[in-house]
Amino acid sequence: MSAIAKKICLVGDFGVGKTSLIRRFVDRSFSDRYLSTVGVKISRKLVELSGEGAQGSTSVQLVIWDLEGDTKFKAISATHLQGASGIIIVSDVTRYETVENARSHIDLCAKIDPKSWVVVALNKADLIDAEQMVKFTKLCNFTDRPLVIGTYQTSAKTGEAVDLIFQQLAAKMILPA
Ligand code: GDP
Ligand code: MG
């Protein structure tokens, strides 16, 4: 059985944990060191989906693009984002400005490809307390952005909600338009 292949891009400021989330999801591992990304790194993972929309069970080959951390985000990413069915916007909850930047990343992605679904990951959830997290989650309520499926608190370190964000995106992407 051959699976459909779908492209996913991770987008966010430098050091928010894009590479770490992919590592956790694909290799089931985590490193405390900064994993510098040069250019673009592409990973693949087969995901099985069942129920909701999938008749019986369906598999999707996720082709995951890790984009180099760069402050010149706008300049580098437009071409890389093309053809993506899903985008994960990543913020680091220990750096407020990266959470604020989520909205402009969402808008930029929507401009480049108004058809790709978006999930927001408030990453490094293991580093702040639950009360603070609630504040961030409220701030990141993107109900006015129809392409945003949801906002999730994640941790590449503990694995919290990491599989979930990729699965939520995959499930949306395979539904008929
Ligand atoms: P990128 O530039 O967005 O790809 O960020 P990296 O994945 O390279 O992560 C930057 C730093 O944050 C590294 O030192 C990681 O170990 C650390 N990091 C990433 N995700 C988490 C997390 O969920 N929790 C904690 N405590 N540290 C994290
Ligand atoms: Mg990286």
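Below is a summary of the structure that appears in this document. (Residues numbered from 1 in each chain as written. Chains lettered and ligands numbered in written order. Predicted model: local features only at pLDDT ≥ 70, side-chain atom pairs only at ≥ 80, totals over all residues. Heavy atoms only, no water.)

**Section: the site of ligand 1**
Turning to step 1, where the next piece is worked out: Around ligand 1 sit 21 residues in total, of which K18, S20, S31, D126 and A156 are the nearest.
Turning to step 2, where the next piece is worked out: T19 is positioned such that a nitrogen or oxygen atom in its side chain is 2.8 Å from an oxygen atom of ligand 1.
Turning to step 3, where the next piece is worked out: Taking S20, its side chain carries an N or O atom lying 2.6 Å from an oxygen atom of ligand 1.
Turning to step 4, where the next piece is worked out: Considering ligand 1 on its own, with 580 Å² of exposed area, one finds that the protein chains cover 93% of that surface.
Turning to step 5, where the next piece is worked out: Top contributing element to the shell around ligand 1 by residue count: helix 1 (residues 18-27), with 3 residues. (Near = heavy atom within 4 Å. Polar contact = N/O pair within 3.5 Å; in protein donor to acceptor, adjacent residues only side chain to side chain. Areas by Shrake-Rupley, 256 points an atom, 1.4 Å probe, with all protein chains shown as cover. Helix = DSSP H or I, 4+ residues; strand = E, 2+ residues; numbered from the N terminus.)

**With respect to the sheet that holds strand 5 (residues 117-123)**
Turning to step 1, where the next piece is worked out: What the 6 strands build is an open sheet, ordered 2-3-1-4-5-6; its pairing is mixed. Single-partner strands in this sheet number two, and they are strand 2 (40-50) and strand 6 (148-153). On average, each strand axis in the sheet is inclined to that of its neighbour by 25 degrees, with strand direction left out of account.
Turning to step 2, where the next piece is worked out: Strand contacts of helix 4 (residues 102-112): strand 1 (4-12), strand 4 (86-92), strand 5 and strand 6, with the helix running at about 165 degrees to strand 4, the strand carrying the most contacts. (Pairing = 2+ DSSP bridges. Axes fitted to C-alpha atoms, helices over the stretch in contact; angles between N-to-C directions. Contact = heavy atoms within 4.5 Å.)

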